[in-house]
Amino acid sequence: MQDLNNWPTPRLLSTAARLVEHAWDEKLAALGLTHAGVTALQVLDADGPMAQARLAAKIRVQASTMGKTLSRLEAHGHVTRVTNPADRRSQQVAVTGLGKTALDQSRELERDLTNGADPGVEELRDRMADIIRMLGSARWGETMPWTTRKAANTVGPELAEAPGPPG
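Residues numbered from 1 in each chain as written. Predicted model: local features only at pLDDT ≥ 70, side-chain atom pairs only at ≥ 80, totals over all residues. Heavy atoms only, no water.

As a further point, take the environment of threonine 80. As for its position among the elements, threonine 80 is in strand E2 (residues 79-83). Non-local contacts of threonine 80, meaning those with residues more than four positions away in its chain, are made with Gln92, Val93, Ala94 and Thr96. (Helix = DSSP H or I, 4+ residues; strand = E, 2+ residues; numbered from the N terminus. Contact = heavy atoms within 4.5 Å.)

Shown next as structure tokens:
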């Protein structure tokens, strides 16, 4: 393996993200979940039942991709899909009690995944959130939710010059 200290930051972020997702997916499999399934359950839990197409749009995936994710969730009893009474051409998706329990368990697994990590994790989280806001707003054509940084020196100069929240 190459010396990680010589890797550019984007490669480090990408590799770390993939490794975390693989480790998390291995733990989620015991609950009948995947990362994509947890994301769908989180949105449904927070926003309530909705049309399958709306859920796909909120998560920024294709409807066919969402359909596969929901099929897995439905097979494990985590969601129900019924004909949408407001539009019989679409399906209304809702999280079940079993799905809420699995979601709670997944949150516990997620917390434990990096438990005992270096004390610098909060600074790392702030920097990653800034990167997501900066690159996400350009990619998705919208302003990402902005939160105040803990301190101005928590980001590098390239992010410190990024535009802040409107107003």
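We are not done yet, so read on.
This part takes up the pattern of salt bridges. In this structure the tally under the stated criterion is 8 salt bridges. The salt bridge involving aspartate 47 is made with lysine 58; its shortest N-O contact spans 2.8 Å. Of the two residues, aspartate 47 sits in helix H2 (residues 35-47) while lysine 58 sits in helix H3 (residues 52-59), which places them 11 residues apart along the sequence. By relative accessible area, aspartate 47 is classed as partly exposed at 39%. The shortest N-O distance in the salt bridge between aspartate 104 and arginine 107 comes to 3.5 Å. Note that aspartate 104 and arginine 107 are positioned in helix H5 (residues 97-113) at a spacing of 3 residues, about one turn of the helix. (Salt bridge = Lys/Arg side-chain N within 4 Å of Asp/Glu carboxyl O. Buried < 20%, exposed > 50% of the residue type's maximum accessible area, 1.4 Å probe, protein only.)

Time to look at a nonpolar patch on the surface. A cluster of nonpolar side chains, Leu13, Leu124 and Met128, forms an exposed patch at the surface whose accessible area comes to about 220 Å². One can find methionine 128 in helix H6 (residues 121-140). (Patch = residues over 30% accessible without salt bridge, like charges linked within 9 Å, V, L, I, M, F, W, Y side chains within 5 Å. Areas by Shrake-Rupley, 256 points an atom, 1.4 Å probe, with all protein chains shown as cover.)

Right, let's get into the sheet that holds strand E1 (residues 50-51). The antiparallel open sheet is built from 3 strands, whose spatial order is E1-E3-E2. The sheet is open, and its two edges are formed by E1 and E2, each paired on a single side. Of the pairings in the sheet, the one linking E2 to strand E3 (residues 91-95) comprises 5 bridges and is antiparallel in character. Following the sheet pairing, valine 82 is matched in E3 by glutamine 92. (Pairing = 2+ DSSP bridges.)

Treat this as a map of the structure, not an account of what it does.
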